[in-house]
Each structure stands twice: as structure tokens, then as C-alpha cells.
Amino acid sequence: DAWLGRPFLLHDLGAVWRPIAHVHDAADAYLHLLSVSPGEVNGALFNVAERNARLVDLCLEIDRTARQTLGRGLILRHGRSPFPQRTGRVSGEGMKRLGWCPNRSLGDGVSELLQRLGKSEVGLPEEAVTREAGVELLRQTAT
């Protein structure tokens, strides 16, 4: 939406929490786990996250990055979600104890995405980025 200059709908004041991880960091974490002895893992489960953040804070970071990359920021609209908002925080401490740490930030990922979109010859199909299409998809999934 920022790339196209369209309003971005932020549900319920963006109060929900989400774990954040760059896709390359997630891949690096999997590769790191392959190098760890089974005794160190000992059947444990691990979360991969740079950190946890509220959606409103993520929007502010994305806005800053979009302004630097595109010369324009997010146009935020606030609304109530028609669906229950789940929140989630995870701890990445287990991975850190195994010697893995994230190397990329949310800003890195947003910059990369916006730069790639800007260089794209074709771009995204209009229906892929419309808010209405996303809501319809959520409705279909919920039923």
C-alpha cells in the first residue's frame, strides 16, 4: 500500500504484538540449527525473532523507511477489525543460547522490498494489493 500511495488500514489502534524476523535471518536460523548437536537441542522448541513489537510501532518504522526510500510515507487509516485480534510475543533467547543472533532489522526488510518493487518491470497485479481482496480472503478462510 505504501508503494502504491494507498491508505493502510490499521485495526484496533495497532495494539497487538507480533514477533519480527527477516526472512534471511529465519533461513540462517534453520541452517544454524543444522550445525548444533542434538544434545544441545534436547528436543526443545525454538522461536526465531529479532524482537516483538506492536503493530503501531511497526507502522511508524515502516513509515520512516518508506519516506527515505520512496520519498513518501504511509497513509494510515484506523478502524475496528471484524475479526478477533490475536496478539503474540515470543522469546528468541533459546536461539541466542545456541549461538544464533539476528543480523537484519525490519527496516532492512522494508527497504529491500520497496527497492525491489521499484525496480520491478511488471509490478504487482492490482488485485494482489487491494485491501478489499485481503478482507475477502480473510472472510473465506474464516468460514
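Because the structure is predicted, anything quoted here is derived from the model rather than measured.

1. A closer look at the overall build of the protein chain
(1) Moving on: Of regular secondary structure, the protein chain possesses 6 helices and 4 strands.
(2) Moving on: Along the protein chain, from the amino end to the carboxyl end, the secondary structure elements read β-β-α-α-β-α-β-α-α-α.
(3) Moving on: Taken over 143 residues, the protein chain has a buried fraction of 26%.
(4) Moving on: Once local pairs closer than 6 in sequence are excluded, the contacts in the protein chain between residues at least 24 apart make up 89%.
(5) Moving on: When the accessible surface of the protein chain is summed, it comes to about 9,600 Å², and 55% of that surface belongs to carbon and sulfur atoms.

2. A few points about the nonpolar core
(1) Moving on: Residues Ala2, Leu10, Ile20, Ala53, Leu58, Cys59, Ala66, Leu74, Leu106, Val110 and Leu114 constitute the largest nonpolar core, which totals 11 residues.
(2) Moving on: Only helix 3 (55-70) and helix 5 (106-119) provide two or more residues apiece to this core.
(3) Moving on: Once residues lying within four places of it in the same chain are set aside, the contact partners of Leu10 are Leu55, Val56, Cys59, Leu76, Arg77, His78 and Gly79.

3. Things to note about helix 1 (residues 23-34)
(1) Moving on: With 12 residues, helix 1 should cover 16 Å at 1.5 Å per step; its first-to-last C-alpha distance of 17 Å lies within 8% of that length.
(2) Moving on: Burial in helix 1 covers these residues: Asp25, Ala29 and His32. When helix 1 is viewed along its axis, its buried side chains cluster within an angular range of 65° and face the same direction. Seen from the open side of helix 1, the exposed residues pointing more than 90 degrees away from its buried face are Val23, Tyr30, Leu31 and Leu34.
(3) Moving on: Check the buried side of helix 1 and you find it contacts helix 4 (93-97).

Reading guide: rules and limits
Residues numbered from 1 in each chain as written. Predicted model: local features only at pLDDT ≥ 70, side-chain atom pairs only at ≥ 80, totals over all residues. Heavy atoms only, no water. Helix = DSSP H or I, 4+ residues; strand = E, 2+ residues; numbered from the N terminus. Buried < 20%, exposed > 50% of the residue type's maximum accessible area, 1.4 Å probe, protein only. Contact = heavy atoms within 4.5 Å. Areas by Shrake-Rupley, 256 points an atom, 1.4 Å probe, with all protein chains shown as cover. Core = buried A, V, L, I, M, F, W, Y, C linked by side-chain atoms within 4.5 Å. Expected span 1.5 Å × (residues − 1). Arc of directions from axis to C-beta.

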